[in-house]
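In case you want the letters, here they are:
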Amino acid sequence: MKATFTIKRRPTIAMLEFGAEANFHPVLQRVYRQRKLGGLREIAHSLEHLLDHRQLSGMARAVGLLADAVTRDRRILIVGDFDADGATSSALAMRALRAMGARQVSYLVPNRFEYGYGLTPEIVAVAAEYKPDIIVTVDNGIASLDGVAAARQHNIKVIITDHHLPGAQLPAADAIVNPNLRDDAFPSKHLAGVGVIFYVMLALRGELRERGWFAGQSLPEPNLAQYLDLVALGTVADVVPLDHNNRILVDQGLRRIRAGRCAPGIAALLAQGKRNLADCIATDLGFAVAPRLNAAGRLEDMSLGIECLLADDPDRARALAAQLDELNKQRREIEQAMQDQAIAALETLNARLEGAGLPPGLCIYDERWHQGVIGILAARIKERVHRPVIAFAMAGEGELKGSARSVPGVHIRDVLDAVATSHPGLLNKFGGHAMAAGLSLSLNNLDVFQQAFAEQVISCFEGVPGEAVIFSDGELAAHELTLDTAEALRNAGPWGQGFPEPLFDGVFRLHNKRIVGSNHLKLELQPLDAETVFDGIAFNETGDGLSDRVEQLRIAYRLDVNEYRGNRTVQLNIQYLEPV
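Structure report, in brief. All values reported here derive from a predicted model rather than from experimental measurement.

Before going further, it helps to spend a moment on the side chain of Gln 526. Mapped onto the elements of the fold, Gln 526 is located in strand 14 (residues 520-527). Residue class for Gln 526 comes out buried when judged on its relative accessible area of 7%. In terms of polar contacts, Gln 526 uses its side chain to reach the side chain of His 511, at 2.5 Å. Leave out the neighbours within four places in its chain, and Gln 526 touches Phe 508, Arg 509, His 511, Glu 531, Thr 532 and Val 533.

The next subject is the nonpolar core. If you look at the biggest cluster of nonpolar residues, it comprises 142 residues, and the most contacted ones within it are Ile 76, Ile 78, Leu 92, Met 201, Ile 364, Ile 381 and Leu 572. Once residues lying within four places of it in the same chain are set aside, the contact partners of Met 201 are Leu 66, Leu 92, Ala 96, Leu 97, Met 100 and Leu 224. Core analysis: the next-biggest nonpolar cluster, separate from the first, contains 21 residues, Ala 404, Val 407, Val 410 and Leu 441 among them.

The first and last C-alpha atoms of helix 2 (residues 59-71) sit 18 Å apart over 13 residues, in line with the 18 Å expected at 1.5 Å per residue. Taken residue by residue, helix 2 has Met 59, Ala 62, Val 63, Gly 64, Leu 65, Leu 66, Ala 67, Ala 69 and Val 70 as its buried positions.

Moving on, we get to the sheet that holds strand 15 (residues 534-538). Judged by pairing direction, the barrel is mixed, and its five strands sit side by side in the order 13-14-15-17-16 before closing back on the first. When strand polarity is set aside, the average angle formed by the axes of neighbouring strands in this sheet is 45°. Relative to strand 17 (residues 567-579), strand 15 runs parallel, the two being bridged by three bridges. Paired with Gly 536 across the strands is Leu 572, a residue of strand 17.

For helix 6 (residues 193-210), with 18 residues, the first-to-last C-alpha span of 26 Å sits near the 26 Å given by 1.5 Å per residue. Counted residue by residue, helix 6 has 15 buried out of 18 residues, so it is predominantly covered. Directly after helix 6, the chain includes Gly 212, whose backbone phi takes a positive value near 75°.

By the bridge criterion, seven bridges tie strand 9 (residues 399-405) to strand 11 (residues 436-442) in an arrangement that is antiparallel. Counted as the bridge partner of Gly 402 is Leu 439 from strand 11. When strand 10 (residues 427-432) meets strand 11, the two strands line up antiparallel, connected through five bridges. The partner of Gly 431 across the bridge, within strand 11, is Gly 438. Between strand 10 and the antiparallel strand that follows it, strand 11, lie three residues.

What follows covers the sheet that holds strand 10. Across the sheet, five strands lie side by side as 7-8-9-11-10; this open sheet has mixed pairing. Both edges of this open sheet fall to strand 7 (362-365) and strand 10, since each of them pairs with a single strand only. The mean angle between the axes of side-by-side strands here comes to 20°, regardless of whether they run parallel or antiparallel. Here strand 8 (residues 389-396) pairs with strand 9 via seven bridges, running antiparallel. Residue pairing across strands places Ile 390 opposite Ala 404, the latter belonging to strand 9. Contacts between helix 15 (residues 412-422) and the sheet are confined to strand 8, strand 9, strand 10 and strand 11, with strand 10 contributing the most and set at about 155° to the helix.

The subject of this paragraph is unusual backbone geometry. With the exception of glycine, the majority of residues adopt a negative phi angle, and the majority of peptide bonds are in the trans configuration. That bond from Gly 493 to Pro 494 is cis: its omega, 5°, falls within 30 degrees of zero. Inspection of the secondary structure assignment puts Pro 494 in the loop between helix 17 (483-490) and strand 13 (504-516). The phi dihedral of Ser 218 is positive, around 55°, even though this residue is not glycine. Examined against the element boundaries, Ser 218 turns out to sit in the loop between helix 7 (213-216) and helix 8 (228-237). Not every positive phi belongs to a glycine, and His 386 is a case in point at roughly 50°. Tracing the sequence through the fold places His 386 in the loop between helix 14 (374-385) and strand 8. Assessed through its relative accessible area of 17%, His 386 is described here as buried.

Our next topic: the environment of Val 124. Assignment of secondary structure puts Val 124 in helix 4 (residues 121-128). Judged by its relative accessible area of 0%, Val 124 is buried. Here the alpha-carbon distance between Val 124 and Arg 405, two residues 281 residues apart in the chain, equals 29 Å. Setting aside anything within four residues of it in sequence, one finds Val 124 in contact with Leu 119, Gly 147, Ala 150, Ala 151 and His 154.

A few words on the packing of aromatic side chains. Going through the model one piece at a time under the given rule, you end up with ten aromatic pairs. A centroid spacing of 5.2 Å and a plane angle of 80° characterise the contact between Phe 186 and Tyr 199, whose relative ring orientation is edge-to-face. Linking Phe 186 in the loop between strand 6 (175-177) and helix 6 with Tyr 199 in helix 6, this pair joins segments that are 13 residues apart in sequence. Classification of Phe 186 as buried rests on a relative accessible area of 1%. Judged by centre distance (5.7 Å) and plane angle (15°), the ring pair of Phe 449 and Phe 453 falls under stacked. Residue Phe 449 and its partner Phe 453 are located together in helix 16 (residues 446-461), separated by four residues, close to a single helical turn. Exposure class is identical for Phe 449 and Phe 453. Each is buried. Taken together, the ring pairs connect Phe 24, Tyr 32, Trp 495 and Phe 499 into an aromatic cluster. Arg 247 extends its terminal NZ or CZ atom over the ring of Phe 499, reaching a point 4.0 Å from the ring centre.

To continue, consider the environment of Leu 219. Take Leu 219: it is sitting in the loop between helix 7 and helix 8. Overall, the relative accessible area of 26% leaves Leu 219 in the partly exposed class.

Our next topic: the packing of helix 2 against helix 6. Orientation of helix 2 relative to helix 6, taken along the N-to-C sense of each, is 60°, at an axis distance of 9 Å. Here helix 2 is positioned oblique relative to helix 6, judged by the angle of their axes. The handedness of the crossing between helix 2 and helix 6 comes out as right-handed. Residues Met 59, Val 63, Leu 66, Ala 67, Val 70 and Thr 71 of helix 2 touch helix 6, and the partners they reach there are Tyr 199, Val 200, Met 201, Ala 203, Leu 204, Glu 207 and Leu 208.

Next up on the list: the state of the cysteines. Defined simply, a disulfide is a covalent bond joining two cysteines at their sulfur atoms. With the rule as written, the count across this model stands at zero disulfides. Among the cysteines around Cys 280, which has no disulfide bond, Cys 262 carries the closest sulfur, lying 8.1 Å off. The thiol sulfur of Cys 308 is not disulfide-bonded, and the nearest other cysteine sulfur, from Cys 262, lies at 11 Å. Using a relative accessible area of 0% as the deciding quantity, one classes Cys 308 as buried.

Conventions and cut-offs
- Residues numbered from 1 in each chain as written.
- Predicted model: local features only at pLDDT ≥ 70, side-chain atom pairs only at ≥ 80, totals over all residues.
- Heavy atoms only, no water.
- Helix = DSSP H or I, 4+ residues; strand = E, 2+ residues; numbered from the N terminus.
- Buried < 20%, exposed > 50% of the residue type's maximum accessible area, 1.4 Å probe, protein only.
- Polar contact = N/O pair within 3.5 Å; in protein donor to acceptor, adjacent residues only side chain to side chain.
- Contact = heavy atoms within 4.5 Å.
- Core = buried A, V, L, I, M, F, W, Y, C linked by side-chain atoms within 4.5 Å.
- Expected span 1.5 Å × (residues − 1).
- Pairing = 2+ DSSP bridges.
- Axes fitted to C-alpha atoms, helices over the stretch in contact; angles between N-to-C directions.
- Phe/Tyr/Trp six-rings, centres within 6.5 Å; stacked < 30°, edge-to-face > 60°.
- Lys NZ or Arg CZ within 6 Å of the ring centre and 35° of its normal.
- Parallel < 35°, antiparallel > 145°, perpendicular 65-115°, else oblique.
- Left-handed = near helix turned anticlockwise from the far one by under 90°.
- Disulfide = S-S within 2.5 Å.

So, in structure tokens, the structure goes:
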């Protein structure tokens, strides 16, 4: 049971201030036009084009409090989140504050199984044992009304730095920096949590400079660009849209990684993923580094990941990265078992519905499922059935934790907000983004929630999801299927959410197929108008249902570079295939 996709080709948009004189590869010029870029400035990635931190509301208040804490030697506690964005945010805050002369700075990250997400009253009770003068949240806090109130009872000041969407009421923090506040004038609403704290650190350095702090303490003023490797990793890992501002942050971070000027922990994680530091691109961060880092928060405690990012000794970084790699292997095994169980349950449900189709908003639950892996499960099933999916796991004492993933056109947090409004008390907590969210509810309320969720998907969005669509950049001619084209596309970008990596489609003759690595489909493909045969690979695809009599395939693919024993060749990385 898989969604059937329609391949649609992106229109080519004529642009001002952009043409052959830009000296880009012709295919890359076409790709840039299809992403509606308005000119050369939008692919300029120097730091001088970054948006100004002064446009973020709440910044002056936040850096004033932080500057006072640094100059008066107050105790600062960073409270992070248990995903890669939270880990990079925590590590960046720790490194930057120490470099600016903060002597009493530490971090605390909630264990998701004991305390849940964000600055809860329970985590404040733990934080109080550190006796902090000020708590700085990173990648969380905008929904922590009770947690901030608890901190105030302990006479602890709170600065919230976050990027998640705010609810109707804001916590009574001493300062809030979040580009998604309703009246915030910051032009980019897509900063990851690590991007927000990077901007706060930029502003703090400026404030300390004005106070004469660095000169008075004989401290070298830190170059905060040295932390852009962390910003790049957290931004890519959190799958936020790569608007121009985020592309600058990611590109600059990647340049530092490729030059070997990155945290030893990032280098060690890339090595665990068998990625070459000198050739690192955004997808390497997303597929090799982020899953290993996230494995700590999913299965154990994200402190292990943060310590890896904070390690300055390469040997210690490699040892910690090896531990994270082992956790990631365990995570993959758990995920595969959960995915098999979910698919079997959906097949049964589909048969029971006798062709009526799955609900437009799908809730799945099994008491055996691991709470730390349901987000990945929801994403996998969403890709399979092309509709919003919420995967639930038991959190103890009759409560379920849910992780939601959505499809374009369905703002999942708004759906949850509508359910909470129409059914008061049904949800214990919820929060998130357009495409991903988290929630908790009583097991006894699951059936009611399933029905309400499906109804809200229909009523709020007029029946979407619609057809499953793959957007293609068109067909490549045989003479364009070259290593030169593949390398030009690989080295451009950075590609990611909202600025998608180039994807092409076409019909090819099928010469051979076989399974490699237990679950990857290896193909030999020939363009209809050429004699050359190319290797193709479809990851996590076994070709079930692909008859031996099939002679031609229509594929949607990324043009990639395969390196084996020093030999670099063109490879078609297949995202979708269907017999012709």
